[in-house]
Amino acid sequence: MAAYNLSNRVYSKIRPLISASMDARYMLTRNYHEKVIDHYENPRNVGSFDKSDANIGTGLVGAPACGDVMKLQIKVDENGKIVDAKFKTFGCGSAIASSSLATEWIKGKSVNEANSIKNQDIAKELCLPPVKLHCSMLAEDAIKAAIIDYNTKKNKEQKSN
């Protein structure tokens, strides 16, 4: 009997937590498109490179209004082709999904091709609502910042040779 009372008391304490996590999952799936959920739950290319490497470009951008911060890095080969990309994002599901998608899209592209990716393309692919468009803008800004950083390193290297 004592074990039954204990288990009932324990269950009554954790039941709200179980319900809350199920409610959170319901809210996430109800308010976000399945593509956002996929990239949020299974983000691609999470990580970072050594930013001191000459072949690495690092873009760090943030949105003060919502607190999202995005670091996106590109690894470029000697022909100017992006061979790998990584990101770390502190933010909402849309910011994480935008970062993840951006890294997928830029891999295999030349630096110039990657520079032409627009936030509208990312937003359209992820079906972002207007209130989340700033997330796709962050991704575009991070790509551009990473390219600028890479080009700056490349120019310094060429001047020193």
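Residues numbered from 1 in each chain as written. Predicted model: local features only at pLDDT ≥ 70, side-chain atom pairs only at ≥ 80, totals over all residues. Heavy atoms only, no water.

- The name an unreviewed UniProt entry assigns to the protein chain is Iron-sulfur cluster assembly enzyme ISCU, from the organism Rotaria sordida.

Notes on the side chain of Ser98
Working step 1: Position of Ser98 among the secondary structure elements: in helix α3 (residues 93-106).
Working step 2: Sequence-distant contacts of Ser98, that is, excluding residues within four places in its chain, are made with Ile122, Leu126, Leu128, Cys135, Ser136 and Ala139. (Helix = DSSP H or I, 4+ residues; strand = E, 2+ residues; numbered from the N terminus. Contact = heavy atoms within 4.5 Å.)

Overview of the environment of His33
Working step 1: With respect to the helices, strands and loops of the structure, His33 is situated in the loop between α1 (2-31) and α2 (34-41).
Working step 2: Beyond its immediate chain neighbours, meaning those up to four positions away, His33 contacts Leu126 and Cys127.

Remarks on helix α5 (residues 119-126)
Working step 1: Every buried residue of α5 is listed here: Asn119, Ile122, Ala123 and Leu126. One face of α5 carries all of its buried residues, which in axial projection span an arc of 95°. Opposite the packed face of α5, turned more than 90 degrees from it, sit the exposed residues Gln120 and Lys124.
Working step 2: As for α5, its buried residues are in contact with α2, α3 and α6 (133-160).
Working step 3: Of the residues flanking the end of α5, it is Cys127, one or two places downstream, whose phi is positive at about 55°. (Buried < 20%, exposed > 50% of the residue type's maximum accessible area, 1.4 Å probe, protein only. Arc of directions from axis to C-beta.)

A few points about the environment of Ala146
Working step 1: Here Ala146 is to be found in helix α6.
Working step 2: Here the alpha-carbon distance between Ala146 and Gly57, two residues 89 residues apart in the chain, equals 4.5 Å.
Working step 3: Setting aside residues no more than four positions away along its own chain, Ala146 makes contact with Gly57, Thr58, Gly59, Leu72 and Ile74.

Focus: the state of the cysteines
Working step 1: Within the structure shown, the criterion is met by zero disulfides.
Working step 2: You can see Cys66 has no disulfide; the closest cysteine sulfur is in Cys135, sitting 6.0 Å from it.
Working step 3: With a relative accessible area of 39%, Cys66 lands in the partly exposed category. (Disulfide = S-S within 2.5 Å.)

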